[in-house]
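Working through the structure, step by step
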Amino acid sequence: MRPSNKVVTLVILAAIILIAPIFFPSSYYFRVGSLIFVNGLAVTGLVILLGYAGQISLGHAGFVGIGAYACALAPVHLGLHPALAAILGAFLSAVIAFLVGRPILRLKGYYLAVASLGFGILVSMVLSNEAQLTGGPDGMPVPELGLRAGLKTIGIDLSNTEFWYALSGLVLVVGAWLALNLYDSSTGRALRALHGSEVAARTVGIDVAHYKLQAFIISAVYASVSGSLLALQNKFVTPDIAGFLHSIEMVTMAVLGGAGSVFGAILGGAILTTLPQVLTVFQEYEQLMLGLIMMLVMIFMREGLLPAIARRLRGRGE
């Protein structure tokens, strides 16, 4: 990815975030926008793992749950500010990813997928069963971040939905910037080499196990931060946030938009976040229509929406 492409991607992303509110008819759209950004951040982490390194994880929502519950539990039991709790959740996710990743990343293909799935299910079960600590299936409240009140004292008065739209959008841009810079770094080149062929990468001296683990840890931190943002803006969290369906949804978002492209994955996240809202007009056929659209995209645009669109545009240009 050339430096100019990185800049263009970030400028387009930032422009969309800044300009979109002009066309919002109500605060509800700010809420949908913030959800898109939160999902986009988690999916950006999956781009590093799936798109760059070529490793699949079907339990990544477990890290989302760790970040979310860190913001609920740490302020109560450790007296931490919610922002510090989010940082603690990211650190804890990195440590757990290191401990879990070392054994399971030795596996390949569907063995790796099943192992990562087991981790996600384990986290979800712990959050559901430890009711005295986590509130069980009923969930638990999350303390107010408090930053909006601080901004108000300096003359920046935002509604709750506007604040979370702005904060989530800012974090997404930073996350995208980091992922795009990683692409052409020495680490990014190593990840792309092992994606192409682990045997060839090992032959030229790349420590395959090290870089696979590194990608897993980075993507876990992205997922944890997205979980913290979601919990803080909802002010409530339940074990569903770490559930299997959420993991599948994240992977689908990445594949739908284009797992090898940061902007494409964010686009996939935006589509799968907004489609259920749009398809409510079909009432009981909503899930059927959503599944049909996804099947058609996967059949006719196997590389993902953004790469397929870009390829067709280049074809017309030639």
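Coordinates for the structure precede this section.
An account of the accompanying structure is given in this report. If you're wondering where the values come from, they're calculated on a predicted model, not measured in any experiment. (Residues numbered from 1 in each chain as written. Predicted model: local features only at pLDDT ≥ 70, side-chain atom pairs only at ≥ 80, totals over all residues. Heavy atoms only, no water.)

Some thoughts on the side chain of Lys212
One can find Lys212 in helix H11 (residues 208-234). Separated by 2.8 Å, the side chain of Lys212 and the backbone oxygen of Leu105 make a polar contact. There is a polar contact of 3.5 Å between the side chain of Lys212 and the side chain of Glu198. Every residue in contact with Lys212, bar those within four places of it in the chain, is listed here: Gln55, Leu105, Leu107, Leu194 and Glu198. (Helix = DSSP H or I, 4+ residues; strand = E, 2+ residues; numbered from the N terminus. Polar contact = N/O pair within 3.5 Å; in protein donor to acceptor, adjacent residues only side chain to side chain. Contact = heavy atoms within 4.5 Å.)

A few points about unusual backbone geometry
Positive phi, normally seen in glycine, also occurs at Lys235, with a value near 60°. As for its placement among the helices and strands, Lys235 is situated in the loop between H11 and strand S2 (236-237).

Structural notes on the packing of helix H3 (residues 61-77) against H11
Close contact between H3 and H11 brings their axes to 6 Å; oriented N to C, the two are set at 45°. As far as their axial angle goes, H11 and H3 are oblique. When the axes of H3 and H11 are compared, the crossing they make is right-handed. Facing Phe63, Val64, Gly67, Ala68 and Cys71 of H3, the residues of H11 in contact are Phe216, Ala220, Ala223, Ser224, Ser226, Gly227, Ser228, Ala231 and Leu232. Considered class by class, the residues forming the contact of H3 with H11 number nine nonpolar, five polar and no charged. (Axes fitted to C-alpha atoms, helices over the stretch in contact; angles between N-to-C directions. Parallel < 35°, antiparallel > 145°, perpendicular 65-115°, else oblique. Left-handed = near helix turned anticlockwise from the far one by under 90°. Nonpolar A, V, L, I, M, F, W, Y, C, P; charged D, E, K, R; others polar.)

Here we look at the environment of Ser226
As for its position among the elements, Ser226 is in helix H11. Judged by relative accessible area, Ser226 falls into the buried class, the value being 2%. Counting along the chain gives 58 residues from Ser226 to Ser168, while the straight-line C-alpha distance between them is 8.7 Å. Once residues lying within four places of it in the same chain are set aside, the contact partners of Ser226 are Val38, Leu41, Ala42 and Val64. (Buried < 20%, exposed > 50% of the residue type's maximum accessible area, 1.4 Å probe, protein only.)

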